Amino acid sequence: MWYAIIGTDNPESLEARKSVRPAHVARLQQLQDEGRMLLAGPFPAIDAEDPGPAGFTGSLIVAEFASLAEAQSWAAADPYIAAGVYRETAVKPFRKVLP
């Protein structure tokens with residue numbers, strides 16, 4: 001089943017986000033390589049493709065896992081959590097309808 005993982009950033013976490021981004025993206029790439037990634041990306045803090053120093057307010061990942069518990073476990077191991085980028089994460093079942 002698909003699961004939406006929504007991470008909400010701590011204020012002033014842009015530098016920490018940048019420092020651990022390679023490890024974060026490597027985990028996403030693994031899901032992509034396994035054919036389990038629907039989409040992933042950050043929420044810019046301002047209405048701009050590149051928000052610059054305004055940074056981001058969080059991220060959305062929609063990926064396939066065998067269970068909610070597996071999705072929660074995967075999300076809990078995100079480098080953004082260990083680095084203090086995310087202040088909270090939510091994991092919810094997701095049903096893809098379109099396209």
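Given the structure is predicted, the values throughout are model-derived calculations rather than measurements.

1. As for helix α2 (residues 68-76)
1) Next: By the burial criterion, the buried members of α2 are Ala71, Trp74 and Ala75. Take α2 and look down its axis: the buried residues cluster within an arc of 100 degrees, on one side only. Among the exposed residues of α2, those pointing more than 90 degrees away from its buried face are Ala69 and Ala76.
2) Next: For α2, the secondary structure elements touched by its buried residues are β1 (2-9), α1 (14-33), β3 (56-64), α3 (79-82) and β4 (86-94).

2. As for the pairing of β1
1) Next: Counting buried positions along β1 gives six out of eight residues, so the element sits mostly inside the fold.
2) Next: Note: β1 against β3, seven bridges, orientation antiparallel. Across the sheet, residue Ile5 finds its bridge partner in β3, namely Ile61.
3) Next: Of the strand pairs in this sheet, β1 and β4 are connected by eight bridges, and their pairing is antiparallel. Bridge pairing links Ile6 to Ala90 in β4.

Cut-offs used in this document
- Residues numbered from 1 in each chain as written.
- Predicted model: local features only at pLDDT ≥ 70, side-chain atom pairs only at ≥ 80, totals over all residues.
- Heavy atoms only, no water.
- Buried < 20%, exposed > 50% of the residue type's maximum accessible area, 1.4 Å probe, protein only.
- Helix = DSSP H or I, 4+ residues; strand = E, 2+ residues; numbered from the N terminus.
- Arc of directions from axis to C-beta.
- Contact = heavy atoms within 4.5 Å.
- Pairing = 2+ DSSP bridges.

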